[in-house]
Amino acid sequence: MNAPLRLTEGVRTLTIAIEGMTCASCVGRVERALKAVDGVVQARVNLATETAEVEAAPSVSRVKLAQTVEEVGYGVPSATVELAVEGMTCASCVGRVERALAAVPGVTTASVNLATERATVTGIADAAALRKAVEDVGYDATVIGAAGSGTNEMEARRDVETAALRRDLLVAGGLTVPLFVLEMGSHLFQSVHDLVHATLGMERSWQVQFILATLVLAFPGRRFYEKGFPALLRLAPDMNSLVAVGTSAAYIYSVVATFAPGLLPAGTVNVYFEAAAVIVTLILLGRYLEARAKGRTSQAIRRLAGLQPKTARVRRGQGNVEIDIAEVVPGDVVEVRPGERVPVDGEVVSGESYVDESMVTGEPVPVAKRDGSPVTGGTVNQTGAFEFRATAVGADTVLSRIMRMVEQAQGSKLPIQAMVDKVTMWFVPAVMGLAALTFVAWLLLGPEPALTFALVNAVAVLIIACPCAMGLATPTSIMVGTGRAAELGVLFRKGEALQSLRDARVIALDKTGTLTEGRPVLTDLRATQGFLDDDVLALAAAVEAKSEHPVARAIVGAAAGRGLAVREADGFDSITGLGVTATVAGERVEVGSSRFMDWLGLDPSALDSDAKRLADEGKSPLYVAVGGRIAAVMAVSDPVKESTPQAVAALHALGLKVAMVTGDSRRTADAIARKLGIDHVVAEVMPDGKVAAVRQLKVEHGAVAFVGDGINDAPALAEADVGIAIGTGTDIAIEAADIVLMSGSLEGVPAALALSRATIRNIRQNLFWAFAYNAALIPVAAGALYPAYGVLLSPALAAGAMALSSVFVLGNALRLRAHGRRAGVASTPPQR
């Protein structure tokens, strides 16, 4: 037995996923290649887990190891790393962090979100290298773990930051008020001016103002200088740099005027301590309001995280014990009492109750649960009690998957954001250039005291032009919009789908399981002379009981529903595409299509008119023959969902074309289309035909959203501009979709579309305000109105306007939280 390897100091262990290994020789080849890398101490490759554990010196990067693996013919899949980034204040910060992350070797894509304060990075780079890249440009970063965990950490940090801002705001406000009264009160009110002169005198008043302003800038305002000046020295100025330079200029000028007035030109001796202090106080007020508003934008995730109970009552031996939710494993039998939340996903094994599943589906009506019914973690039990067997726990539960989807959507960027990113990359440097130009212009061309005018207007330009509102305009609307959608049972798996869905011109719908229930039922039965309906149904059910076809289950279910005795059938045979046959109580019984009857040599023409009528109603007619005679015609239909007509009408009301794409017969499809008012029908198509149909609809109408629920819908969902999966469908369909409707109701489609339009409209409003605000007020701050109207914008008013712009954008985004309530969509159903 080999002695254990003794690791040298500083050696670390890296785990790398590897694709393409098929046998032991592959393992050996990869191990030898990795061990040959300089600095690698040991390498162990596991074929079963398709991973390599490498012990290496800190100088050995993950990128180097990945390149080595690829050089010997295997692949290293990209991984996604999420980082919580602290210290970002504006869109310039976002661009700086994105560029730093993108420059790390091994990074494929990097996206940073100001509202969520997160960075999402894909590639093969080390998390440590990503953290260092963020820290090198002046911010702090930590790696986020599982869904929801990062949210809790971020909320804790945000609470600390909000508390610190509140404290600094109160201190700054307490010091600024007397400072403002001393300086501005003397200008505005003669009585205050006389009182100050009589008690303190001008010189002593300026000295008191110096002390108060110094305290404001040195303590509550320190945050701006600690971040602003280092960023300026790195030639990467941000919002903090604008505030730091502006307030420092006003403060230093005032200090010189107070203690060395002889250094200034005659007529320019004045102090602006109150401007520096008021700027800091107002910006702290804006930051504080912004922090509180940001907290409200992430309430959807916080509410989802709070839905899961902390403990579960699990059967152990002959009794039940309460254990931590993390200790529940698949197969455990869990007890749920009235009023409690279901702790994990599972299947009922005993008891009956109604469960409020509105947190998953958005549907307010509680759902009946009995033996075999599925239950979802986080949903609320009503009046009954039941036990269920756990089938999914931890990260595999529906609730965890929903949280991951919402987090991913909230952290994504829309195409509309690209324009903002391009502008903000150069915005702060351009503003500093404009401020310098303003200073020089007023100094050379302005009236006396020119230096005073130059200083005041340059500071106003620096303060008014903060790009906070630009950085928050898009991500806050995405956060609130996708969070509200989740509350309504609509999950945007990709944030981009918000914009893509808004642009859709036609909604293409699968039929079975989307427009219809997906469970055929027997709707009609007409026996011929000499036969009774129940007798024929019992004989047909006896034959169909041997079949697994959905139509067979519908016939057997109808017989059971009527309480009929179904005998055992012998000699069962299935003729593909035609029907089935068997012997029941000595009688030969055949069930199938008209073609089957023709094949058997039987004449069903006496029932032709009934069969045609049933087919025209969108039903599938079948014939039953008993003892060589046509005994009856029956019809099986997949009933249209109760919510479908309203959903189609709502889509038409939104100005969309509605198409149906199905593998069913043309006659059945046309009948359903007539009933629902569907504009375009593509029938009798295979899965690849659905893809071709989507492509053709794109050519004819423009952007297409496809709605489906089955495995055969996955290709069409992927081909469409937006794929929408019914959440009650298959996992494959859900994974191929951009949007998931957690309820089986098609009414989620117009709801998603309306929310998409509202969110994009909200984003456009925010961007207009952010850009128009800067376009309008920067010239005013520079003094453009002074020659004609004698109007100047003081730095203090500029600070207030800047803070107001960010708060306005956040407040406008928060209006989306009320979306759907005005239309009568209840997000929180009444408890029973």
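Residues numbered from 1 in each chain as written. Predicted model: local features only at pLDDT ≥ 70, side-chain atom pairs only at ≥ 80, totals over all residues. Heavy atoms only, no water.

An unreviewed UniProt entry lists the chain under the name P-type Cu(+) transporter, with Aquibium carbonis given as the organism. Under the Sequence similarities (unreviewed entry) heading, UniProt states for the chain: "Belongs to the cation transport ATPase (P-type) (TC 3.A.3) family. Type IB subfamily." What UniProt records for the chain under Subcellular location (unreviewed entry) is the sentence "Cell membrane". (UniProt positions renumbered as here; feature names shortened; annotations may be inferred.)

A. View of the side chain of Ser 547. Looking at the secondary structure, you find Ser 547 in the loop between helix 19 (533-544) and helix 20 (550-561). On the basis of relative accessibility, which here comes to 16%, the residue Ser 547 falls in the buried class. Aside from chain neighbours lying at most four places away, what touches Ser 547 is Ala 552 and Phe 572. (Helix = DSSP H or I, 4+ residues; strand = E, 2+ residues; numbered from the N terminus. Buried < 20%, exposed > 50% of the residue type's maximum accessible area, 1.4 Å probe, protein only. Contact = heavy atoms within 4.5 Å.)

B. Geometry of the pairing of strand 15 (residues 385-392). With four bridges connecting them, strand 10 (residues 333-336) and strand 15 associate as antiparallel partners. The residue of strand 15 that forms the bridge with Val 334 is Phe 388. Relative to strand 15, strand 11 (residues 345-356) is paired through seven bridges, and the arrangement is antiparallel. Pairing of Gly 351 across the sheet is with Phe 386, part of strand 15. (Pairing = 2+ DSSP bridges.)

C. Structural view of helix 28 (residues 748-782). For helix 28, built from 35 residues, the straight-helix expectation of 51 Å at 1.5 Å per residue is met to within 8% by its first-to-last C-alpha distance of 51 Å. With its phi angle positive at about 100 degrees, Gly 783 sits one or two positions after the end of helix 28. (Expected span 1.5 Å × (residues − 1).)

D. The arrangement of the sheet that holds strand 23 (residues 629-637) in detail. Pairing within the open sheet is antiparallel, and its six strands lie in the order 18-23-22-21-20-19. This sheet does not close on itself; its edge strands, each paired only once, are strand 18 (521-527) and strand 19 (569-575). Strand-to-strand twist of the sheet, defined as the mean angle between neighbouring strand axes without regard to direction, takes the value 20 degrees. As defined by bridge partners, strand 22 (residues 620-626) adjoins strand 23 across seven bridges and the pair is classed as antiparallel. (Axes fitted to C-alpha atoms, helices over the stretch in contact; angles between N-to-C directions.)

E. Highlighting the sheet that holds strand 26 (residues 704-708). The strand order 16-28-27-26-17-24-25 describes an open sheet built from seven strands, whose pairing is mixed. Looking at strand neighbours, the two that pair on one side only are strand 16 (490-492) and strand 25 (680-682), the edges of this open sheet. Averaged over all pairs of adjacent strands, the angle between their axes in this sheet comes to 20 degrees, without regard to strand direction. Alignment of strand 16 against strand 28 (residues 739-741), held across three bridges, turns out to be antiparallel. The residue of strand 28 that forms the bridge with Phe 492 is Ile 739. Here helix 28 sits on the sheet and contacts strand 16, strand 17 (506-510), strand 26, strand 27 (722-726) and strand 28; the angle it forms with strand 16, its principal contact strand, is near 50 degrees.

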